[in-house]
Amino acid sequence: MIYPNGHVEYLMYKNGGPLIGVVKVTMPTVKYKTVTATGAGLMGDITIPLSGMIEAMTFNIQFSSVTDAVVELGSNEWHDVSLYAADQYFNSVTRKEELEQNRFEMSIRPTEFSAGTIATASAADASGVYSVCRYAVYKNGDKVIEIDQFNQVHEANHVDCAAAVRKALGMI
């Protein structure tokens, strides 16, 4: 069996170059838009996710200081970024640790950023919050999630969850 151990290291890139000063990130939460159905034969209420519909996604970054990355990602435009993570797993059959590459690609746009708190002899704590319109996840090079809200794309585990919606809209 394979047991996840954790993140070993990661780097974040924009236009092929590393973004220096990124300390910690909080990945987007994928939350489906839902409706509540109620009525005869349902024994109460049931929450039903709407096909291919996603709530607004956000991405948070904490920076080590007001680095060039804070300024660059602070411009009010869409930025294509990638985050590469080296994740460690333990293989109980071979009794060895294994590393796996996980890559996250996003199109982000700032909704807020802060230069943080400034105090004598203290660490900096600049941060930014970003809207996400495109989000893709790759495990060892295999795309397992892709969401592109502007282009009606929602794929998960190689299943096109938005195909029926695009067909109903006459897009395919």
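Our structure's up above, just so we're on the same page.
Our subject in this report is the structure included herewith.

About the thresholds
Residues numbered from 1 in each chain as written. Predicted model: local features only at pLDDT ≥ 70, side-chain atom pairs only at ≥ 80, totals over all residues. Heavy atoms only, no water. Salt bridge = Lys/Arg side-chain N within 4 Å of Asp/Glu carboxyl O. Helix = DSSP H or I, 4+ residues; strand = E, 2+ residues; numbered from the N terminus. Buried < 20%, exposed > 50% of the residue type's maximum accessible area, 1.4 Å probe, protein only. Contact = heavy atoms within 4.5 Å. Core = buried A, V, L, I, M, F, W, Y, C linked by side-chain atoms within 4.5 Å. Patch = residues over 30% accessible without salt bridge, like charges linked within 9 Å, V, L, I, M, F, W, Y side chains within 5 Å. Areas by Shrake-Rupley, 256 points an atom, 1.4 Å probe, with all protein chains shown as cover. Polar contact = N/O pair within 3.5 Å; in protein donor to acceptor, adjacent residues only side chain to side chain. Pairing = 2+ DSSP bridges.

1. Describing the pattern of salt bridges
In this structure the tally under the stated criterion is 8 salt bridges. A salt bridge links Arg134 to Glu146; the shortest N-O distance between them is 3.4 Å. Remark: Glu146 occurs in strand β10 (residues 142–148) and Arg134 occurs in strand β9 (residues 127–139); sequence separation between them is 12 residues. Its relative accessible area of 18% is what places Arg134 among the buried residues. Here the residues in one salt-bridge network are Arg103, Glu105, Arg134, Lys143 and Glu146, joined through shared partners.

2. Comments concerning the environment of Ser64
Within the secondary structure, Ser64 sits in the loop between β6 (57–63) and α1 (68–73). Dropping the residues within four chain positions of it, Ser64 is found in contact with Gly21, Val23 and Ala124.

3. Some points on unusual backbone geometry
You will see that Arg95, though not glycine, has its phi angle at about 55°, which is positive. With phi around 50°, Asn140 is a residue other than glycine that occupies positive phi space. Mapped onto the elements, Asn140 comes out in the loop between β9 and β10. Residue classification places Asn140 among the exposed positions, given a relative accessible area of 51%.

4. Quick word on the environment of Ala124
Examined against the element boundaries, Ala124 turns out to sit in the loop between β8 (96–114) and β9. On a C-alpha basis, the gap between Ala124 and Ser64 in space is 5.7 Å, while along the polypeptide they are 60 residues apart. If sequence neighbours within four positions are ignored, Ala124 has contacts with Phe63, Ser64 and Ser65.

5. Examining the environment of Tyr32
Structurally, the position occupied by Tyr32 is in strand β4 (residues 32–38). Each C-alpha atom, one on Tyr32 and one on Phe104, is 20 Å from the other, the two residues being 72 residues apart in sequence. Sequence-distant contacts of Tyr32, that is, excluding residues within four places in its chain, are made with Pro49, Met53, Ile54, Glu55 and His154.

6. With respect to the nonpolar core
Generally speaking, nonpolar side chains in soluble globular proteins are found buried as a group. Among the nonpolar cores identified, the biggest contains 25 residues, and Met12, Phe59, Ile61, Phe63, Leu73, Met106 and Ile108 are the most heavily contacted of them. Looking at this core, the elements with two or more residues in it are β3 (22–26), β6, α1, β7 (79–91), β8, β9 and β10. Apart from residues no more than four positions distant in its own chain, Ile108 is found in contact with Phe59, Leu73, Glu77, Trp78, His79, Val81, Tyr130, Ser131 and Val132.

7. Structural notes on the side chain of Arg166
The residue Arg166 is located in helix α2 (residues 163–168) in this model. Setting aside chain neighbours within four positions, we find Arg166 in contact with Asn151, Gln152, Val153, Asp160, Met171 and Ile172.

8. Section: a nonpolar patch on the surface
A grouping of Val35, Leu42, Ile46, Ile48, Leu50 and Met53 is seen on the molecular surface, where their side chains present a nonpolar patch of about 440 Å² in accessible area. Tallying contributions element by element places strand β5 (residues 45–54) first for the nonpolar patch, with 4 residues.

9. With respect to the side chain of Arg134
Here Glu146 takes part through its side chain, which lies 3.4 Å from a polar atom of the side chain of Arg134. Those residues within four positions of Arg134 in sequence are excluded, and the remaining contacts are Glu105, Met106, Ser107, Glu146, Ile147 and Asp148.

10. Topic: the pairing of β9
A large share of β9 lies buried, amounting to 10 of its 13 residues. Examined bridge by bridge, β6 and β9 share 6 bridges and lie antiparallel to one another. Paired with Asn60 across the two strands is Val129, which belongs to β9. Relative to β9, β8 runs antiparallel, the two sharing 12 bridges.

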